[in-house]
Amino acid sequence: MKSSFIVRDNTPTYFPQSPIRRVTKKNVCPICRKPDWCSVTEDGGLALCMRESVGSVKRARNNAYVHVLRPTWVSRVSAVAAPLIDKCGSAETRQADTDHINEVFSFLLEECLELSGEHGDHLMNQRGLSDTTIAANLYASAPDKNKLPVVCEAMSHRFGDSLHGVAGFYKNGESRWWMPQHRGIFIPVRDAQGRIVGIQSRRDDEGKPKYLWLSSNPENYPSGTSSGTPIHYVKPDLAARSGVAICTEGIIKADIISEYAESATVAIAGVSSFNAETFGMELRLSIPALREVIIAVDADWKDKQTVKEGLFRMGHSLRAAGLDVKVRCWNAQLGNGLDDALLSNERSKV
């Protein structure tokens, strides 16, 4: 039987191949009973619900909650996914409620961590963010190996086992709640309501990839939870008035673009980290007043096939959702990213 990966955390999960169909008014989502945004495999084995997490076994690459509809179908899941599903059909990858995730991450960034002078200088002097934006966004320095035990103890004392279901936390060999070691800047990722739904870290070293998710995939971390790749929203309220939003690649880029362009901005983590089938509709549902999206990926997209393909898939997804689409271009001498170009223009005024 052929297989394909339709669900992805940090590693692929393979399921028997079956086409995915969008739900309709006649065939609503079997989980949330809504006629839009969700999908079901053609063979009726899985539902990819965008709204309901309870009872799901995993997160899809577009952050949909994956529900097994037929118990007999579970036995067909490959060995990669099978350990994640217990006899009751639950999974250790299930994420906690969004409000709770926001509470945990907000406490971590505000109460347990600080932004180092070096990281603050980088954000202000190199990336061009204002101190007001840096403070409001809750950027923080990841804890070093000496501070990590103190932070983990504070988080465990505050939340206990309710850290289960929050990406980035897991049980270590001593059955204590712990976090993976990161060295860099923690960058909050927010949903359209402003809640922190994920954290990326910008690495201090020159390793690749430059940005990592704060994640604790249960295949590697006991009692852990994968981060998924949530979409980042900046000032979506501005789109409520203008009907326009800029869409870019990179969380911190979106924060910079929004500050200088004074525009609603949406960011994906990378050109391969969004689901073209649902991306456009997700933006429409998250920002109901949205009418036009201006895509602003790096200026070298014409020379990079993967970026070019991602741009085309994004444009198609947005148009399929009934949105007008434009692609923003600029003089590459000002910078590869729109954030660089806007900052260059701003500095030329001084």
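The structure this text deals with has already been given above.
Residues numbered from 1 in each chain as written. Predicted model: local features only at pLDDT ≥ 70, side-chain atom pairs only at ≥ 80, totals over all residues. Heavy atoms only, no water.

Our focus in this paragraph is the side chain of Arg127. Along the chain, Arg127 turns up in the loop between helix H2 (117-126) and helix H3 (131-137). Since its relative accessible area comes to 14%, Arg127 is described here as buried. With residues up to four places along the chain from it excluded, the contact list for Arg127 reads His122, Arg202, Tyr211, Ile252, Lys253, Ile256, Asp339 and Leu343. (Helix = DSSP H or I, 4+ residues; strand = E, 2+ residues; numbered from the N terminus. Buried < 20%, exposed > 50% of the residue type's maximum accessible area, 1.4 Å probe, protein only. Contact = heavy atoms within 4.5 Å.)

Right, let's talk about the packing of helix H1 (residues 98-112) against helix H4 (residues 148-159) for a bit. Close contact between H1 and H4 brings their axes to 11 Å; oriented N to C, the two are set at 140 degrees. Between H1 and H4, the angle falls in the class oblique. The chirality of how H1 crosses H4 is right-handed. Contacts between H1 and H4 involve His100, Glu103, Val104, Phe107, Leu108 and Cys112 on the former and, on the latter, Val151, Ala154, Met155, Arg158 and Phe159. Class assignment for the residues of the contact of H1 with H4 results in eight nonpolar, one polar and two charged. (Axes fitted to C-alpha atoms, helices over the stretch in contact; angles between N-to-C directions. Parallel < 35°, antiparallel > 145°, perpendicular 65-115°, else oblique. Left-handed = near helix turned anticlockwise from the far one by under 90°. Nonpolar A, V, L, I, M, F, W, Y, C, P; charged D, E, K, R; others polar.)

Attention shifts here to the nonpolar core. If you look at the biggest cluster of nonpolar residues, it comprises 27 residues, and the most contacted ones within it are Phe105, Leu108, Met155, Phe169 and Met179. Of all the secondary structure elements, the ones that give two or more residues to this core are H1, H4, strand S10 (177-178) and strand S12 (196-203). Each residue touching Met155, except ones within four places of it in the same chain, is listed here: Val104, Phe107, Leu108, Cys112, Gly160, Leu163 and Phe169. Grouped together as the second largest cluster of nonpolar side chains are 26 residues, Ala245, Ala264, Trp301 and Leu323 included. (Core = buried A, V, L, I, M, F, W, Y, C linked by side-chain atoms within 4.5 Å.)

Here helix H8 (residues 305-320) is 16 residues long and its end C-alpha atoms lie 22 Å apart, about the 22 Å a rise of 1.5 Å per residue gives. Within H8, burial applies to Val307, Gly310, Leu311, Met314, Gly315, Ser317 and Leu318. Down the axis of H8, the smallest arc covering the buried residues is 165 degrees, so these residues share one side. Turned more than 90 degrees away from the buried face of H8 sit His316, Arg319 and Ala320, all of them exposed. Packed against the buried residues of H8 are strand S15 (244-249), strand S16 (264-268), helix H7 (279-286), strand S17 (292-295) and strand S18 (324-327). Directly after H8, the chain includes Gly322, whose backbone phi takes a positive value near 85 degrees. (Expected span 1.5 Å × (residues − 1). Arc of directions from axis to C-beta.)

A few words on the packing of helix H6 (residues 251-261) against helix H9 (residues 338-348). Running from N to C, H6 and H9 cross one another at 35 degrees; their axes reach a closest spacing of 9 Å. In this structure, the crossing between H6 and H9 has a hand that is left-handed. Residues Lys253, Ile256, Ile257, Tyr260 and Ala261 of H6 form the contact with H9, whose own contacting residues are Leu338, Asp339, Leu342, Leu343 and Glu346. Residue composition of the contact of H6 with H9, grouped by class: seven nonpolar, no polar and three charged.

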